[in-house]
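Each chain, letter by letter, is given below.
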Amino acid sequence: YHRIGYDKRPLTFLSNGKIGAGNAGCEQFWNLQENADKSILEIRSENALTCALQFDADNVWRGRWLIGEKMPVELLRTDG
């Protein structure tokens, strides 16, 4: 989870829709929206949608915060 120009940290996406390791106040829950032409990963706090990331052809989720600084965000899968 890379908030570009701000920080990087690993996040763990749990099967129950919660974010485990690496969560913070604005990153508590996740939801995947899929349709025929795109996939959108939503990350939420208790009260609001924090960011919506679209899956790109290079296997990176990209978007930006919808609150606060509206900083760009990238999410890459890491194995290990």
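J.: Teacher, can you tell me more about the packing of aromatic side chains here?
T.: Between two aromatic rings, the relevant description is the distance of the centres plus the angle of the planes. Under the definition given, this model contains two aromatic pairs. Residues Phe-13 and Trp-30 carry aromatic rings whose centres are separated by 5.9 Å and whose planes lie at 85° to one another, so their mutual orientation is edge-to-face. Within this pair, whereas Phe-13 is found in the loop between strand 2 (7-8) and strand 3 (29-34), its partner Trp-30 is found in strand 3, the two being separated by 17 residues in sequence. Phe-13 sits in the partly exposed class, given a relative accessible area of 29%. A ring pair is formed by Phe-55 and Trp-61, whose centres lie 4.9 Å apart and whose planes are at 55°; its orientation type is tilted.

J.: Honestly, the pairing of strand 6 (residues 61-65) in this entry has me stumped. Any pointers?
T.: In summary, the side chains of a regular strand alternate between the two faces of the sheet. In this sheet, strand 6 lies alongside strand 5 (residues 49-55) in antiparallel orientation, the contact comprising five bridges. By the bridge assignment for strand 6, Leu-53 is matched with Gly-63. A loop of five residues connects strand 5 with strand 6, the two strands running antiparallel in sequence, and Asn-59 in this loop sits at a positive phi of about 65°. Pairing geometry for strand 6 and strand 7 (residues 72-75), over four bridges, is antiparallel. By the bridge assignment, Arg-62 is partnered in strand 7 with Glu-74. What sits between strand 6 and strand 7 in their antiparallel hairpin is a turn of six residues, with Gly-68 showing a positive phi close to 50°.

About the criteria used
- Residues numbered from 1 in each chain as written.
- Predicted model: local features only at pLDDT ≥ 70, side-chain atom pairs only at ≥ 80, totals over all residues.
- Heavy atoms only, no water.
- Phe/Tyr/Trp six-rings, centres within 6.5 Å; stacked < 30°, edge-to-face > 60°.
- Helix = DSSP H or I, 4+ residues; strand = E, 2+ residues; numbered from the N terminus.
- Buried < 20%, exposed > 50% of the residue type's maximum accessible area, 1.4 Å probe, protein only.
- Pairing = 2+ DSSP bridges.

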